[in-house]
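# Coordinate analysis (summary)
Below, each chain spelled out in residue letters.
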Amino acid sequence: MRSLLMLSTVVLAPSLAVAQAKKEIVPIPIAKIERKEPIAYEKDIEPIFYKKCITCHSGNVKEGRYDISTYEGAVKGGRRGAAVVPGKAEASNIIKLGTKSEKPFMPPRGEEPLTSEELGLIKLWIDQGAKAPTTSGPRKLQYIVSVPPANVHPVRALAVSPDKAAVAAGRGNQIHVYDAGSGAYIRSFYAPGLKTPDGKDVKAAHLSIVESMAWSPDGKYLVSGSFQEIAIWDAHTGMLRHKIGGFAHAVVAMTFSLDSKLLAVAGGEPTVEGEIKVYEVPSWKQIVDIKNGHSDTVYGICFSPDNKMIATGSADKFVKVWEIPSGKFVKAFEGHTHHVLDVGWAADGKLLASAGGDNTVKVWNFEKGEQERTINAHGKQVTRLLFIGKKNEFLTCGGDNQVKAFNTAGGTIRNFPGGTDFIYAVGTSPDGAVVAAGGQDGIVRVYNGNNGTLLKSLLPPDAQPKEKSPEKK
Ligand code: HEC
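Every value quoted in this text rests on a predicted model; they were computed, and no experiment measured them. (Residues numbered from 1 in each chain as written. Predicted model: local features only at pLDDT ≥ 70, side-chain atom pairs only at ≥ 80, totals over all residues. Heavy atoms only, no water.)

## Points about the overall build of the protein
Check the secondary structure of the protein and you find 5 helices and 28 strands. When the 473 residues of the protein are sorted by exposure, 52% land in the buried category. Restricting to contacts in the protein with at least 6 residues of sequence separation, those with at least 24 account for 46%. A total accessible area of about 22,100 Å² is found for the protein, and carbon and sulfur atoms account for 54% of it. (Helix = DSSP H or I, 4+ residues; strand = E, 2+ residues; numbered from the N terminus. Buried < 20%, exposed > 50% of the residue type's maximum accessible area, 1.4 Å probe, protein only. Contact = heavy atoms within 4.5 Å. Areas by Shrake-Rupley, 256 points an atom, 1.4 Å probe, with all protein chains shown as cover.)

Structure follows, in structure tokens:
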């Protein structure tokens, strides 16, 4: 901002010099703006203030005790009282000082003055009542991406390779890949050229925490989601193939269609809007973008067994189904009393199951659009839910340190022991033979999915013993 201002100053210097030489200040005329739609503060006015006023009227430098960085501050004014008198542009200090009709002229001498058009917009805005910005406008919160501290090791996401040979764990901003059989650490995935906003090199998969992960059923790709981006990796070599950015917030859920031809991605800014996007594989062309589908973050996404629909579960407590690629809304399932944190679709297409922040799993009849049953699945929030291949069985994990398998009739099939802390992620091979789970303690536990036996405990590579992986109890 500052450098932009300086640049403009240089460009304008000659004309100012002329005016100063004449030693007379002619007020800047206000252009008459003809417009049908009302002036929008966030679109028409704020950008002017940010361009020409903000360096002296925000943060530590509030000249005249005037803070123009927020709508409230801009209207309120400073030492001289209100800067804006709604409905009365001529009586407003911004106009008086900005047109150089009254001193102190704003911006001061040497700075780029407001143009007639800018003054015209500001005048019209004030005359229309100096309306506040609308939250639905293009005004976006500015987020600063920061690298998690090195001692942050929770496993937020994981994936088991379809051939059962490998387990990938998202741990902090790292992706660690292990041999599922021996438990040996194989490699980490690094995004080349990754740098912090202030230019420091970062050896990691993402700058921020890895929040979601999916392995394509054909085994080719591992995809990871983080803050405002996803990365597509060659699953065999660990090479970064592609990155897609521009997401509103963290990408917290992703899944491939069973034929590996589509990738569905979800997230969204909390309490603002859910984000749902579908990409073609391997062009990574976006073919679906469902806007305003949910009013809060979408935490769960899955394909119907025929890959013609997707189901989403959101913090707005709804499970919804959409047709793809049209993005048309099909139906909604309502019943959870807290966030929906994941959703799965049984292979026969008839039943869906959703995981809730209300500690329950709900099983839904797709055709009827009704709830079949509620399973009191966990003692705390149910963080993930994953159907096992073509079976009418699914895995869940939760904030109660538990990992479980249920059938859609509500029966518990199995418990997977050993969890000592909050579990965020569970994964399985398509046949259910290998199950892995991970969470707050940073350990990925690998199980025999058929009998629940704990086989391996995968620690971060720097903590992993060289010879043999420890058999943690
Ligand atoms: C280079 C710094 C600088 C820039 C840029 C600047 N101002 Fe100022 N502004 C000041 C200073 C210094 C004062 C206090 C002057 C005084 O009190 O005599 C002031 C005071 C004001 C005041 C009066 C506040 C009060 O109540 O005392 C208003 C209104 C104002 N500025 C509006 C603007 C607007 C609008 C812009 C952009 C179009 C702008 N200023 C750009 C330095 C700046």
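## A closer look at the packing of aromatic side chains
Within this structure, the stated rule accounts for 14 aromatic pairs. Between tyrosine 41 and tyrosine 71, the aromatic rings sit 5.3 Å apart at their centres with planes inclined by 80°, giving edge-to-face as the arrangement. One end of the pair, tyrosine 41, is in helix H2 (residues 41-52); the other, tyrosine 71, is in helix H3 (residues 71-76), and 30 residues separate them in sequence. Within the aromatic cluster, the residues linked to one another by ring pairs are Tyr41, Phe49, Tyr71 and Trp125. A cation sits over an aromatic face here: lysine 320 above phenylalanine 318, 5.2 Å from the ring centre. Over the face of the ring belonging to phenylalanine 366 we find lysine 331, whose NZ or CZ atom lies 4.7 Å from the ring centre. (Phe/Tyr/Trp six-rings, centres within 6.5 Å; stacked < 30°, edge-to-face > 60°. Lys NZ or Arg CZ within 6 Å of the ring centre and 35° of its normal.)

## What about the site of the ligand?
Around the ligand lies a shell of 19 residues, among which Cys53, Cys56, His57, Arg80 and Met106 are the nearest. A distance of 2.8 Å separates a nitrogen atom of the ligand from a polar atom in the side chain of histidine 57. Contacts to the ligand include arginine 79, whose backbone N or O atom sits 3.1 Å from an oxygen atom. Of the residues in the shell around the ligand, the class split is 10 nonpolar, 4 polar and 5 charged. (Near = heavy atom within 4 Å. Polar contact = N/O pair within 3.5 Å; in protein donor to acceptor, adjacent residues only side chain to side chain. Nonpolar A, V, L, I, M, F, W, Y, C, P; charged D, E, K, R; others polar.)

## Digging into the nonpolar core
Among the nonpolar cores identified, the biggest contains 25 residues, and Ile45, Phe49, Ile122 and Trp125 are the most heavily contacted of them. Sorting the residues of this core by element identifies H2, H3, helix H4 (93-98) and helix H5 (116-127) as the ones contributing at least two each. The biggest single contributor to this core is H5, with 5 residues. Ignoring anything within four residues of it in the chain, the contact list for isoleucine 122 reads Ile45, Ile48, Phe49, Ile94, Ile95 and Leu114. Of all hydrophobic cores here, the second largest spans 20 residues; its members include Val177, Trp215, Leu222 and Trp233. (Core = buried A, V, L, I, M, F, W, Y, C linked by side-chain atoms within 4.5 Å.)

## Re the coordination of the iron atom of the ligand
Every protein donor of the iron atom of the ligand is listed here as His57 (NE2) and Met106 (SD), and their distances to the metal cover 2.0 to 2.1 Å. Accessibility expressed as a relative area gives 25% for methionine 106, which makes it partly exposed. (Donors = N, O, S within 2.8 Å, 3.2 Å for Na, K, Ca; no water.)

## Re the sheet that holds strand E21 (residues 382-387)
In spatial order, the strands read E21-E22-E23-E24; together these 4 strands make up an open sheet with antiparallel pairing. Looking at which strands have only one partner, the edges of the open sheet turn out to be E21 and strand E24 (412-416). Taken over all neighbouring pairs, the strand axes of this sheet differ in orientation by 20° on average, direction set aside. As paired elements, strand E23 (residues 403-407) and E24 share 4 bridges and run antiparallel to each other. What sits directly across from valine 403, in E24, is phenylalanine 416. (Pairing = 2+ DSSP bridges. Axes fitted to C-alpha atoms, helices over the stretch in contact; angles between N-to-C directions.)

## A closer look at the pairing of E21
Two faces belong to every sheet, and in a regular strand the side chains alternate between them. Counting buried positions along E21 gives 5 out of 6 residues, so the element sits mostly inside the fold. Where E21 meets strand E22 (residues 393-398), 5 bridges bridge the pair, whose relative direction is antiparallel. Within E22, the position partnered with arginine 384 by the bridge is cysteine 397.

## Brief notes about the pattern of salt bridges
In total, this model carries 13 salt bridges according to the counting rule given. Here glutamate 112 makes a salt bridge to lysine 52, at a shortest N to O gap of 3.5 Å. Placement of the pair is glutamate 112 in the loop between H4 and H5 and lysine 52 in helix H2, with a sequence separation of 60 residues. Lysine 52 shares its class with glutamate 112; the two are buried. When the shortest N-O distance is used, the salt bridge between glutamate 118 and lysine 52 registers 2.6 Å. (Salt bridge = Lys/Arg side-chain N within 4 Å of Asp/Glu carboxyl O.)

## A word on the confidence of the model for the protein
With 89% of its residues at a pLDDT of at least 70, the protein reaches an overall mean of 90. Below a pLDDT of 50 lies the segment residues 467-473, which in the model reaches 15 contacts outside its immediate sequence neighbourhood of four places, other chains included. (pLDDT = per-residue confidence, 0-100.)

## So, the sheet that holds strand E25 (residues 423-428)
Within the open sheet, the 4 strands sit side by side as E25-E26-E27-E28. Their pairing is antiparallel. The two strands at the open ends of the sheet, each matched to only one other strand, are E25 and strand E28 (454-458). The mean inter-strand angle of the sheet, taken between neighbouring strand axes irrespective of direction, is 20°. As defined by bridge partners, strand E26 (residues 434-439) adjoins strand E27 (residues 444-448) across 5 bridges and the pair is classed as antiparallel. Bridge assignment links valine 435 to a residue of E27, and that residue is tyrosine 447.

## Describing the packing of H2 against H5
Where H2 meets H5, the closest approach of the two axes is 10 Å, and the angle between their N-to-C directions is 130°. With respect to H5, the element H2 is oriented oblique. Considering only the axes of H2 and H5, their crossing is left-handed. Residues Tyr41, Asp44, Ile45, Ile48, Phe49, Lys51 and Lys52 of H2 lie in contact with H5, whose contacting residues are Glu118, Leu121, Ile122 and Trp125. Residue composition of the contact of H2 with H5, grouped by class: 7 nonpolar, no polar and 4 charged. (Parallel < 35°, antiparallel > 145°, perpendicular 65-115°, else oblique. Left-handed = near helix turned anticlockwise from the far one by under 90°.)

## Brief notes about H5
Taking 1.5 Å of rise per residue, 12 residues should cover 16 Å, and H5 covers 16 Å from first to last C-alpha, within 8% of that figure. Buried within H5 are the following residues: Ser116, Glu118, Leu119, Gly120, Leu121, Ile122, Trp125 and Ile126. As for H5, its buried residues are in contact with H2, H3 and H4. Where H5 ends, the next residue or the one after it, glycine 129, has phi of about 105°, a positive value. (Expected span 1.5 Å × (residues − 1).)

## A word on the environment of lysine 456
Inspection of the secondary structure assignment puts lysine 456 in strand E28. In sequence terms lysine 456 and glycine 181 are 275 residues apart; their C-alpha atoms lie 8.3 Å from each other.

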